[in-house]
Structures are given as C-alpha cells and as structure tokens.
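The residues making up each chain are set out below.
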Amino acid sequence: MSVFSLLPVAAILFASSSRPLPVAAWPVDTSETVWQIDPGHSDVSFRIRHFMSKVRGTFKEWNGTIRADSADWSKGSVNVAITTSSIDTGNERRDNDLRSANFFDAAIFPSITFTSRKVEVNGRNLRVSGDLSMHGVTKPVVLEGSFLGIQPGPQGSERIGFEVRTTINRLDYGVTWNRAVEGGGVMLGDEVEIDISVEGVRRS
C-alpha cells in the first residue's frame, strides 16, 4: 500500500463514483461472482510522516480480481497486483528515490501483491485478512472498512464498491532507509497508513 499499500470482500481492497445502493441490492443467486477491479475508478494511497507533516502518495498502475459467493460471504477472495515503479507522490525526484534501492528497489521487486485469506462481513462492516508481499517480504495484514453496496452500470453491467484501510510498519518489509536530523530524531516515520477505495465491474 500492498508503500503500500493494498484495499477484498464480497469483493475487496482504494474513487469517484455515485452513491451505491444498499447492501440488500446484492444479487440473490448463489453462484460465484467474479468482479474485475476498475483502476480508473479506484485508488490505492498511502501516508507516511516526513519530519512533522505527512506525505501522501499513490500507485498509478494496479489491477485485481474479486471472487464472491453471495450465499456465503466468508468465501469471498481477492488478488491484487501493484506495479511498484508506478508510485506517484507528486514529486519526480522523490518518486525516483522511492523506486531506487533506498526504498522499494523496483528494478528487483517490480510488484506489490495482496492475497486475501479470510473475509468477514457484519452488516456494512468489512474485515479482510491476507498476505501483503512487498520488497521480497510477505507479512499478514488486516484491512478494515465498509462494504458500500452495488449498483447498475453502463450497458447492463453491475459495479461493487468498498473502502478499507490498514497501517503497516515499513521496517517489517526491509524498507529501512532513514536519516538522523539535527537536534535528535529522524526524517521519516516507520508507520505507513494505507487507504484503499475499490470499484469493481462484474465479469460473470
């Protein structure tokens, strides 16, 4: 967020869309439904402390597939892949540094991935447990947020939406670069806040 950093549920995991219909609008058939995450209407963003403020970034290239059984939400799963080099913090010099061996080392680790292992839904509350792989390290993470519902889309398509968030420690993934500052302390924080808003398009 996968940073990285990440957003799975009757869908999962990051967004400009109209307000979704109630959860009750979910299809009533019991067959597995496959949704393709629409990156153009979804977002994976992160925040990390720089001195006393926080810098925000995102990833421009990522995709994922959601599988859901409306008869049993616990069978929901998601797989997401993020292109590490697509990181964008609005500052080209900083982005190049983040792509370098100082941080993500994108040439060696071109992808950040998330694979869900458990989905829990209670009303609109959503909790997705899974594995986040980044910088050659895989660690368990928990994404928590809200299922926003579904609504009809263009040409008879259906769209699903949800929002999730988590916080990871970059040191756990071997992203350790930092710099001491005069008077004590360091330039960068270790915790990375990840926010994911997802809009998925039904494929089957």
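Above: the structure in question.
What this report covers is the structure whose coordinates are included nearby. (Residues numbered from 1 in each chain as written. Predicted model: local features only at pLDDT ≥ 70, side-chain atom pairs only at ≥ 80, totals over all residues. Heavy atoms only, no water.)

**Focus: the packing of aromatic side chains**
Next, step 1: Tallied over the entire structure, the rule returns three aromatic pairs.
Next, step 2: With 5.8 Å between their ring centres and 45 degrees between their planes, phenylalanine 46 and phenylalanine 59 make a pair best called tilted. Taken together, the residues phenylalanine 46 in strand S2 (residues 43–50) and phenylalanine 59 in strand S3 (residues 53–59) connect sequence positions 13 residues apart.
Next, step 3: Residue phenylalanine 46 is classed as buried on the basis of its relative accessible area, which comes to 4%.
Next, step 4: Given the relative accessible area of 3%, phenylalanine 59 is considered buried.
Next, step 5: Linked through ring pairs, Phe46, Phe59 and Phe104 together constitute an aromatic cluster. (Phe/Tyr/Trp six-rings, centres within 6.5 Å; stacked < 30°, edge-to-face > 60°. Helix = DSSP H or I, 4+ residues; strand = E, 2+ residues; numbered from the N terminus. Buried < 20%, exposed > 50% of the residue type's maximum accessible area, 1.4 Å probe, protein only.)

**Re the side chain of threonine 33**
Next, step 1: By the element assignment, threonine 33 lies in strand S1 (residues 32–37).
Next, step 2: Since its relative accessible area comes to 1%, threonine 33 is described here as buried.
Next, step 3: Not counting residues within four places of it along the chain, the set of residues in contact with threonine 33 comprises Ile66, Arg67, Ala68, Arg202 and Ser204. (Contact = heavy atoms within 4.5 Å.)

**A look at the nonpolar core**
Next, step 1: Core analysis: the largest hydrophobic core is formed by 39 residues, its most contacted members being Phe59, Phe104 and Ile168.
Next, step 2: It is strand S11 (residues 188–202) that contributes the most residues to this core, five residues altogether. (Core = buried A, V, L, I, M, F, W, Y, C linked by side-chain atoms within 4.5 Å.)

**A short note on the pairing of strand S10 (residues 158–169)**
Next, step 1: Pairing analysis gives eight bridges linking strand S9 (residues 137–152) to S10, with the strands arranged antiparallel. By the bridge assignment, glutamate 144 is partnered in S10 with arginine 165.
Next, step 2: Between S9 and S10, which pair antiparallel in sequence order, lie five residues; one of them, glutamine 155, sits at a positive phi of approximately 55 degrees.
Next, step 3: Bridge count for S10 against S11 is 11 bridges, and the pairing is antiparallel. When the sheet's bridge partners are listed, valine 164 is paired in S11 with isoleucine 196. (Pairing = 2+ DSSP bridges.)

**Let's talk about the environment of arginine 117**
Next, step 1: The residue arginine 117 is located in strand S7 (residues 111–122) in this model.
Next, step 2: In this structure arginine 117 comes out as exposed when scored by relative accessible area, which is 64%.
Next, step 3: Note: C-alpha distance between arginine 117 and glycine 76 (41 residues apart in sequence) is 8.9 Å.
Next, step 4: Excluding anything up to four places from it in sequence, arginine 117 contacts Ser129, Gly130 and Asp131.
Next, step 5: A distance of 2.4 Å separates polar atoms of two side chains, one belonging to arginine 117 and the other to aspartate 131. (Polar contact = N/O pair within 3.5 Å; in protein donor to acceptor, adjacent residues only side chain to side chain.)

**Some words on unusual backbone geometry**
Next, step 1: The backbone of phenylalanine 51 sits at a positive phi, close to 55 degrees, despite the residue not being glycine.
Next, step 2: The topology assignment puts phenylalanine 51 in the loop between S2 and S3.
Next, step 3: By relative accessible area, which is 37% here, phenylalanine 51 ends up partly exposed.

**Notes on the pairing of S2**
Look at any regular strand and the pattern is simple: side chains alternate between the two faces of the sheet.
Next, step 1: Both S2 and S11 contribute to a ladder of seven bridges, which runs antiparallel. In the strand pairing of S11, serine 45 is matched with aspartate 195.
Next, step 2: Across six bridges, S2 lies against S3 in antiparallel orientation. Paired with isoleucine 48 across the two strands is valine 55, which belongs to S3.
Next, step 3: Counted between consecutive antiparallel strands, the loop separating S2 from S3 contains two residues, among which phenylalanine 51 sits at a positive phi close to 55 degrees.

Purely geometric stuff here, so don't read any function into it on its own.
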